[in-house]
Amino acid sequence: MNDLRVRDVMNPSVVVVTADCTCEHVVDVITEFGVSGVPVVRDDDRVIGIISEADLLPRLHPADAVPSPGEPAAVRRKADAHTAGELMTAPPVTVTAGSLVSTAAALMEQHRVKRLPVLDDATGILVGIVTRRDLLRGALRSDETIERELMEELLVHGLWFERAGITAAVQDGVVTLSGSAEHRRDALTAVRIAGAVDGVVTVLDNTSSPIDTAPVVAAGLAGTASG
């Protein structure tokens, strides 16, 4: 997970505008596509700026726009802007596709932005966009990945689902163990192994055994099991 790259989590489909687009067109694009910001590009797909919803706010009440300390000209320019080139924030904060996800997160935090245009490492042209939500989603392991690793761990420990009579389902990081195990120790071992898999939030033990039929309804976090 530490090696996760921006290219692995970015959205390659990017809605863009050019500098000569009207501000009204920018608003229409943001509204139509349901995005919170758009890169401004040249004809060669080079990013020259970015427009966020925050850039559009001064236009709502241009006569009453109050400049922030240190940037009166920028705020007034956005309030009076007619084109994307006048409205955009430039130069844009960008990240390359091969950068670590942690690098993108640090850039967002440092510059207080919610999205970054993603550039090709070699050519520098726009190849995608990454948002805070993308980074968070990328930091979480998919249910399929968790289930695959869980199966591998159970095999390593010599515990076969088929032999033990135990089945497992993973949803949103929650592992649910079901079925009837011949020996209670098999179910408890499965709970312990499942809880130790990266990305598992909680383990629910709904198994039963001839010796002990009381299920462990909620096993704890990351390898901690109750019951």
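Counting starts from 1 at the beginning of each chain's written sequence and moves along it residue by residue. In keeping with the predicted nature of the model, local features appear solely for residues at pLDDT of at least 70, side-chain atom pairs appear and are counted solely at 80 or more, and the whole-chain, interface and lining totals rest on all residues. For side-chain calculations, the full set of non-hydrogen atoms in the structure is used, while hydrogens and water are omitted.

As recorded in an unreviewed UniProt entry, the protein goes by the name CBS domain-containing protein, listed as coming from Dactylosporangium cerinum.

(A) Molecular detail of the overall build of the protein. When helices and strands are tallied, the protein shows ten helices and ten strands. Remark: exposure states derive from per-residue accessible area (1.4 Å probe, protein chains only) relative to the maximum for the residue type, with buried under 20%, exposed over 50%, and partly exposed in between. Out of the 227 residues in the protein, the part that is buried amounts to 36%. The long-range fraction of contacts in the protein, counting pairs at least 24 apart against all pairs at least 6 apart in sequence, stands at 53%. Accessible surface is estimated by sampling points in the Shrake-Rupley manner with a 1.4 Å probe; for residues, cover comes only from the protein chains shown. Summing over all exposed atoms, the protein offers an accessible surface of approximately 12900 Å²; the carbon and sulfur share of this is 54%. Every helix listed is a DSSP run of H or I at least four residues long, and every strand listed is a run of E at least two residues long, numbered separately from the N terminus. The criterion used for residue contact is that any of the two residues' heavy atoms lie within 4.5 Å.

(B) Region of interest: the sheet that holds strand 3 (residues 47–52). The strand order across the open sheet formed by three strands is 1-2-3, and the pairing between neighbours is mixed. The open sheet terminates on both sides in strands that have one partner only, identified here as strand 1 (17–18) and strand 3. Where strand 2 (residues 37–41) meets strand 3, five bridges bridge the pair, whose relative direction is antiparallel. Within strand 3, the residue paired with Gly37 across the bridge is Ser52. Any two strands between which DSSP finds at least two bridges are classified as paired.

(C) Structural view of the pairing of strand 7 (residues 166–171). With six bridges joining them, strand 7 and strand 8 (residues 174–179) adopt antiparallel strand pairing. Bridge pairing in strand 8 links Ala168 to Leu177. Linkage of strand 7 to strand 8, two consecutive antiparallel strands, is achieved through a turn of two residues, within which Asp172 is found at a positive phi near 55°.

(D) Seen up close, the sheet that holds strand 4 (residues 95–96). Strand order in the open sheet formed by three strands is 4-5-6, with mixed pairing between adjacent strands. The open sheet terminates on both sides in strands that have one partner only, identified here as strand 4 and strand 6 (126–131). Sheet analysis places strand 4 next to strand 5 (residues 115–119), joined by two bridges and oriented parallel. By the bridge assignment, Thr96 is partnered in strand 5 with Leu119. Think of each axis as a best-fit line through the C-alpha atoms, taken over the contacting stretch in the case of a helix, with angles from 0 to 180 degrees between the N-to-C directions. The sheet contacts of helix 6 (residues 101–111) involve strand 4, strand 5 and strand 6, and relative to strand 5 the element is tilted by about 135°.

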